[in-house]
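# Descriptive analysis of the structure
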Amino acid sequence: MVDKVDKVDKGLPGKRVNLVNFVNLINLILRLMKRIIITIDGWSSCGKSTLAKQLARELGYVYIDSGAMYRAITLYLLRNHVDWTKHSAVKEVLKNIKLEFISNHKTGQTEMHLNNENVEYVIRDLLVAEKVSEIAAIPEVREFAVAQQQEMGKKKGIVMDGRDIGTVVFPDAELKIFMTADNGIRVQRRFKELYEKNPNVTIDEVRANLEMRDYIDSHRQVSPLRKAEDAIELDNTNLSERQQFDMAFQWAKASIDGVKPNV
Ligand code: DC
């Protein structure tokens, strides 16, 4: 009798573990089947792309850096000496611009290609950063970029970061995150990133550029940077990358399950 009870008792935890594994597997399959759109907007150098890439990797989604599109257009206009104060001239040359995100098999990252040239690194230059907000404020440029962004989201299963993704590009996205961080921290992060590529860059230059871009991005007439009413605000000033990811991943899982994220 004791033997039998023992056997039954010993058997239960194993069965429970199996059942838990099975339920987890079903949940995972359901999650993979139901693909959603996740938008991440916010100020410059808030760590949007870091979080977006991590979420996309974990969920098996596509990551799209919408800022790279505005940067590539800026590079094209600079290289071709286009006077961007004349919007009709800009509209005309947009016809010659082909933008593609192509996966780099070595790094596993998607990279921006402009007319078949990999420009992923050039577009991060301060020369481009100095002009990109002005160019991103041109209505014709936004129309051109937004149409392509919406096309990329048609199949869902996408994480896109930018400034107007939750408000204009995908107003019906299932999960919207709006990122903020202390200004000083953002300047330090951006400086570190740029300094690794160009040791001549100064912290004052970086601060000035960040402040200017934030101002133009949030004051332009078309699609200014603002938090969508239904976006979750994530201030990562005092969060590690891991903590930030864990929070956002819980929100993503809840959104996929159709449940309101527990913020
Ligand atoms: O995210 P980023 O710093 O690479 O963006 C570059 C510029 O492009 C930024 O100054 C604002 C603009 N931008 C935008 O207006 N809308 C977006 N969806 C993404 C970026």
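Treat the numbers as computed from the prediction; the structure is a model and nothing was measured. (Residues numbered from 1 in each chain as written. Predicted model: local features only at pLDDT ≥ 70, side-chain atom pairs only at ≥ 80, totals over all residues. Heavy atoms only, no water.)

### A look at the sheet that holds strand β5 (residues 117–118)
Pairing is antiparallel in the open sheet, where three strands are placed in the order β3-β4-β5. Sheet topology places β3 (99–104) and β5 at the edges, where each strand pairs with a single neighbour. In this sheet, strand β4 (residues 109–114) lies alongside β3 in antiparallel orientation, the contact comprising six bridges. Paired with Glu100 across the bridge in β4 is His113. (Pairing = 2+ DSSP bridges. Helix = DSSP H or I, 4+ residues; strand = E, 2+ residues; numbered from the N terminus.)

### Topic: the packing of aromatic side chains
The final tally for this structure, using the stated rule, is two aromatic pairs. Ring geometry for Phe191 against Tyr195: centres 5.5 Å apart, planes inclined by 40 degrees, an arrangement best described as tilted. Within this pair, Phe191 and its partner Tyr195 are both found in helix α8 (residues 183–197), separated by four residues, close to a single helical turn. Their ring planes at 15 degrees and their centres at 5.3 Å tell us that Phe245 and Phe249 sit as a pair that is stacked. Separated by four residues within a single helix, Phe245 and Phe249 lie in helix α10 (residues 241–256), roughly one turn from each other. Neither residue differs from the other here; Phe245 and Phe249 are each classed as buried. (Phe/Tyr/Trp six-rings, centres within 6.5 Å; stacked < 30°, edge-to-face > 60°. Buried < 20%, exposed > 50% of the residue type's maximum accessible area, 1.4 Å probe, protein only.)

### Examining the nonpolar core
Core analysis: the biggest nonpolar cluster contains 37 residues, and Ile73, Leu77, Val90, Ile97, Leu99, Met112 and Leu114 have the highest contact counts within it. Mapped by element, the contributors of at least two residues to this core are α3 (66–79), α4 (87–94), β3, β4, α5 (126–136), α6 (139–152), β6 (158–162) and α7 (165–169). Among the elements that take part in this core, α3 stands out by supplying eight residues, more than any other. (Core = buried A, V, L, I, M, F, W, Y, C linked by side-chain atoms within 4.5 Å.)

### Quick word on α10
The terminal C-alpha atoms of α10, which comprises 16 residues, lie 22 Å apart, in line with the 22 Å expected from a rise of 1.5 Å per residue. Those residues of α10 lying buried are Gln244, Phe245, Ala248, Phe249, Trp251, Ala252, Ala254, Ser255 and Ile256. Of the residues one or two after α10, Gly258 is the one with positive phi, at around 80 degrees. (Expected span 1.5 Å × (residues − 1).)

### A word on the sheet that holds strand β8 (residues 232–235)
Picture the strands of a sheet paired through backbone hydrogen bonds; they go either parallel or antiparallel. Sheet architecture is open: five strands sit in the order β2-β6-β1-β7-β8, paired in parallel fashion. At either end of the open sheet lies a strand with only one pairing partner, and these are β2 (62–65) and β8. Neighbouring strand axes in the sheet, compared pairwise and without regard to direction, differ in orientation by 20 degrees on average. Contacting β1 (37–42), β2, β6, β7 (175–180) and β8, helix α2 (residues 48–59) runs over the sheet at an angle of about 170 degrees to β1. Sheet strands touched by α3: β2 and β6. Its angle to β2, the strand with the most contacts, is close to 40 degrees. (Axes fitted to C-alpha atoms, helices over the stretch in contact; angles between N-to-C directions. Contact = heavy atoms within 4.5 Å.)

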